[in-house]
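Here is how the chains run, residue by residue.
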Amino acid sequence: MSQDQISQVLFLLFIAGVLMLAVLLAMYYQRLLRKAYFDTAAELHLSYDYVSYGLPRRLPLVYQLRRGKNRYASNVFTGRYKGFPVYVFNYHYATGDKRNKVHHHSSIAMLRHDLEMPEMHAYPPDIHEKVGHMAGVDKIEIQTGDEAFSKAFTVLASDPGFAKSFCTPGMMEYLMRHPDMSVEVGPGWIATCIQQRLVPEEIQRRMDQMLKILRYVPTQQN
């Protein structure tokens, strides 16, 4: 075997070693991440499931859950938090065909409550661009009169009076501090969505966010 051939073999062995190391590190990272999810669930007294294909179909109306194909939830936290049933999970769906398939990833937090309210959605520009107009759902775009807020969020609602009561200065200020988060509310539920995957340290914060938003929502008790 010539010197050049030996060099090529050594180089290929080196590349194979690097790839193998990368795979092992990725597997180790996923193992650590899974343990962090389990530990977080135990700390918060929540149940944890790695993946669920049925959850998006069982949950109430969140528009992101009705989009695309190959829909599933992963790293699913369920249980009760401060008296409310909650769901926090990563969400995946795909759009396009086989040649132009696009995979979309986000994280969704949902909370069930016993309050009656009409449906309302507040989207930052990147999520509103994906959602577009709510197919089959009659929604009115609400003008809050706050120019900065209107640039940061599009508010769609079936009841303009409810939406304007929701968009108090305090609520708009709170949403402006979280410009990447969409908010959807409806009878018996509230949800937030961010276009990035969950981080274990963020689970509790995501649930606390829903409780803070719920305090601003004008409602009538059933």
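Preceding block: the structure.
Calculation rules
Residues numbered from 1 in each chain as written. Predicted model: local features only at pLDDT ≥ 70, side-chain atom pairs only at ≥ 80, totals over all residues. Heavy atoms only, no water. Buried < 20%, exposed > 50% of the residue type's maximum accessible area, 1.4 Å probe, protein only. Helix = DSSP H or I, 4+ residues; strand = E, 2+ residues; numbered from the N terminus. Pairing = 2+ DSSP bridges. Axes fitted to C-alpha atoms, helices over the stretch in contact; angles between N-to-C directions. Salt bridge = Lys/Arg side-chain N within 4 Å of Asp/Glu carboxyl O.

Caption draft 1: The pairing of strand β8 (residues 154-157), seen in detail. Side chains Thr154 and Leu156 project from β8 onto one buried face, and the interleaved Val155 and Ala157 project onto a second face that is buried too. In this sheet, β8 lies alongside strand β7 (residues 140-142) in antiparallel orientation, the contact comprising three bridges. Counted as the bridge partner of Ile142 is Val155 from β8.

Caption draft 2: Highlighting the sheet that holds β8. With respect to topology, nine strands assemble into an open sheet ordered β1-β2-β3-β4-β10-β9-β6-β8-β7, the strand pairing being antiparallel. Of all the strands in the sheet, just β1 (47-52) and β7 have a single pairing partner and so form its edges. Direction aside, the axes of adjacent strands within the sheet are offset by 15 degrees on average. As judged from the nine bridges shared by strand β2 (residues 69-81) and strand β3 (residues 84-95), these two strands associate in the antiparallel manner. Within β3, the position partnered with Gly79 by the bridge is Val86.

Caption draft 3: How the structure looks around the pattern of salt bridges. Using the criterion set out here, one finds four salt bridges in the structure. Linking Lys82 and Asp208 is a salt bridge whose minimum nitrogen-to-oxygen distance equals 3.4 Å. Placement of the pair is Lys82 in the loop between β2 and β3 and Asp208 in helix α7 (residues 203-216), with a sequence separation of 126 residues.

Caption draft 4: Representation of unusual backbone geometry within the structure. If you check the backbone angles, Asn70 has positive phi at about 50 degrees while not being a glycine. Tracing the sequence through the fold places Asn70 in strand β2. Non-glycine residue Lys82 carries a positive phi angle of around 50 degrees. Using a relative accessible area of 58% as the deciding quantity, one classes Lys82 as exposed.

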